[in-house]
Amino acid sequence: MGTAGLETQPSATTYELGDLVAQAWSGKVHVPHFQRDFRWTTKDVLRLFDSIVKGYPIGNLLLWVRRTPERSFTLGSLRIDAPAYEEAFWVVDGQQRITSLANALHPEGHLHDPFAVYYDLAERKFISQPKTREPQHVALPILFDLKRLLAWFRTEGEAVLHLFDEADRVATALRQYKVPAYLVRQDDLDVLTDIFDRMNNYGKRLNRAEIFSALYAGPEDGAEERLNLSRIADRLASRTGFGTIDTDTILASILARRGPDPARDIRNEFTSAGRRTAPEFENEDQDTAYAEGEEALVRAISFLQNEAGVPHLSLLAYRALLVVLTRFFAHFPAPEANTLRLLRRLYWRVAVSGPAVFKGSFTQVSRVLCARIRKGDEHGSVRGLMDTMAEAPRSLPTVERFRTNEAAAKIILSAWWSLRPRSLMTGEPYDAQDLSTLLGDQKTAATAAHVIFPRGLTAQQQLYAGNRIFLPTATDPVSEIPVMLMRQPIDLDDRTWDAVLASHVMNREATGLLADGDREGFLHIRQELIAGQLSDFLDRMAEWDYEDTPSLETLDFDNLDELEGGDDHSL
């Protein structure tokens, strides 16, 4: 490790909150593009203001002082047109705090979550935007501006004029609160990203994708047009309807494409110095790696949706499998039909039996399986992948515990999706667009996997898969599911209604018990139906009893003849 660093030690100073926020609004405070996205919730913003009024420390800011040309940018929900500054402040540490302060105290920023903060003068505490405004609820932009505060007490706040002293106390505490800051004057971006890396590897750490994004952020110019991990996630969601993949999985997939170990050290990814192995796509720059990584992810997602029967991220059993598939489709963009069939078997065998084979470590899943994928050898790669599951125990997920954030429920939901569930009102099947529209960026399918009986069951029965129904709809009255199941719509004939029930793993015997008020009988029959359908689905998708043989095109029949004694001339 070299000793080169800052030529001048950072200078320490303090800013009154009123001055700091005014500088942010004027465009003197900028957030470098290598910073992580804003992640605070309303709870975090409330805690920040509570700390300020109580006089608690909120931590030091680290500001990079640099000449900055005229530019337009967003800070939280604020769009700022900034003039040129000889000495503007770029936030190396403190982005979440400055963004929260600048937005919650600004009349426009305050209109958006999580910045819609009020102060309850009677309760003497900060609150999120109340459903019903009371006279003692004053918005922060009003509280922060003395003229506006006085005007407010003459109009809206006239009924709580006796609380003026409390408002004045809090307003003064806000405006005069001193925020400590270190100012760094340094032109070398590498030094700044090194500081950023080190600061975020002490205490509460950034995730791996955020550190990677900071290390390889590149120059500020052109940052808004360049691909980055967050932008790839957004583009994938738009292109595939699969949902928004977390940036750690995006990063692991991009790394897996370029080399067999997606958990390798990220600090030398785009330099030759310090790398143990050369990247498998030589002389590839960062922009190309991102673009090609996105395309490989698109192909992997298409396989999951069209071959493996996994329509949305919320039904993906393990994200490590997406990393593995990205590597495979990066090296083999158009696999043979038999290869796709074997990959489908692999996905479902790992989904069901992977925890036993890999001892529950899904970091190991991606590392072990990615290592089996060899550049230029499609058939050898798929054979190597299948070999890892050769001794896998054949098992079924339990239908007695259904939690949408767990792999077992995701597998069950995929099995139900294969039935093309239908509307209980119209009889029409839902499609992938319906599912994608309803789930959007959600990480689980909770909003589509509705509880049939919210009350009246034992704690164990509440968890049954039989107490759920897969309805990816934003229009059907899902609060009336039991009633809808008991009443066949008059415009649906018997054959169509039977098909509707079958699409939800039900039959008329089950709904008859439901109509008789026999919930336990209904759940018993439905649990049996679900277990049978799940077993059939996994038998079809994992094909446990089939030989994992290569396609005929890969077999060398000349060599087989030699092994069997050459040509047979006796016929």
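Residues numbered from 1 in each chain as written. Predicted model: local features only at pLDDT ≥ 70, side-chain atom pairs only at ≥ 80, totals over all residues. Heavy atoms only, no water.

Trainee: Let's hear about the pattern of salt bridges: which residues, and what values?
Mentor: Per the counting criterion, the structure on display carries 26 salt bridges. In this structure, the salt-bridge partner of Arg-97 is Asp-93, at a minimum N-O distance of 3.6 Å. A relative accessible area of 22% means that Asp-93 is categorised as partly exposed. Between Arg-239 and Glu-295 there is a salt bridge, with its nearest N and O atoms 2.8 Å apart. Linking Arg-239 in helix 9 (residues 229-240) with Glu-295 in helix 11 (residues 286-306), this pair joins segments that are 56 residues apart in sequence. When its relative accessible area of 43% is taken as the criterion, Arg-239 is described as partly exposed. When salt bridges that share partners are traced, they join Arg-257, Arg-258, Arg-264, Glu-269 and Glu-284 into one network. (Salt bridge = Lys/Arg side-chain N within 4 Å of Asp/Glu carboxyl O. Buried < 20%, exposed > 50% of the residue type's maximum accessible area, 1.4 Å probe, protein only. Helix = DSSP H or I, 4+ residues; strand = E, 2+ residues; numbered from the N terminus.)

Trainee: Break down the packing of aromatic side chains for me, with residues and values.
Mentor: Evaluation of the coordinates by the stated rule reveals 14 aromatic pairs. Plain terms: the ring middles of Tyr-347 and Trp-348 are 4.9 Å apart, the flat faces sit at 85 degrees to each other, and that makes the pair edge-to-face. Each member of the pair Tyr-347 and Trp-348 is classed as buried. Where Phe-402 meets Trp-416, the ring centres are 5.7 Å apart and the plane angle is 15 degrees; that geometry is what we call stacked. You can see Phe-402 sitting in the loop between helix 15 (378-387) and helix 16 (407-417) and its partner Trp-416 sitting in helix 16, a full 14 residues away along the chain. Every member of this aromatic cluster is reached through a ring pair, and the members are Phe-303, Phe-328, Phe-329 and Phe-332. The positively charged end of Arg-66 is found above the aromatic ring belonging to Trp-90, 4.9 Å away from the centroid. Between the NZ or CZ atom of Arg-257 and the centre of the ring of Phe-281, over which it lies, the distance is 4.0 Å. (Phe/Tyr/Trp six-rings, centres within 6.5 Å; stacked < 30°, edge-to-face > 60°. Lys NZ or Arg CZ within 6 Å of the ring centre and 35° of its normal.)

Trainee: How would you sum up helix 12 (residues 319-331)? Please name residues and give values.
Mentor: The terminal C-alpha atoms of helix 12, which comprises 13 residues, lie 19 Å apart, in line with the 18 Å expected from a rise of 1.5 Å per residue. When you tally the buried positions in helix 12, you get 12 out of 13 residues, the bulk of the element. Within the span of helix 12, buried status applies to Ala-320, Leu-321, Leu-322, Val-323, Val-324, Leu-325, Thr-326, Arg-327, Phe-328, Phe-329, Ala-330 and His-331. (Expected span 1.5 Å × (residues − 1).)

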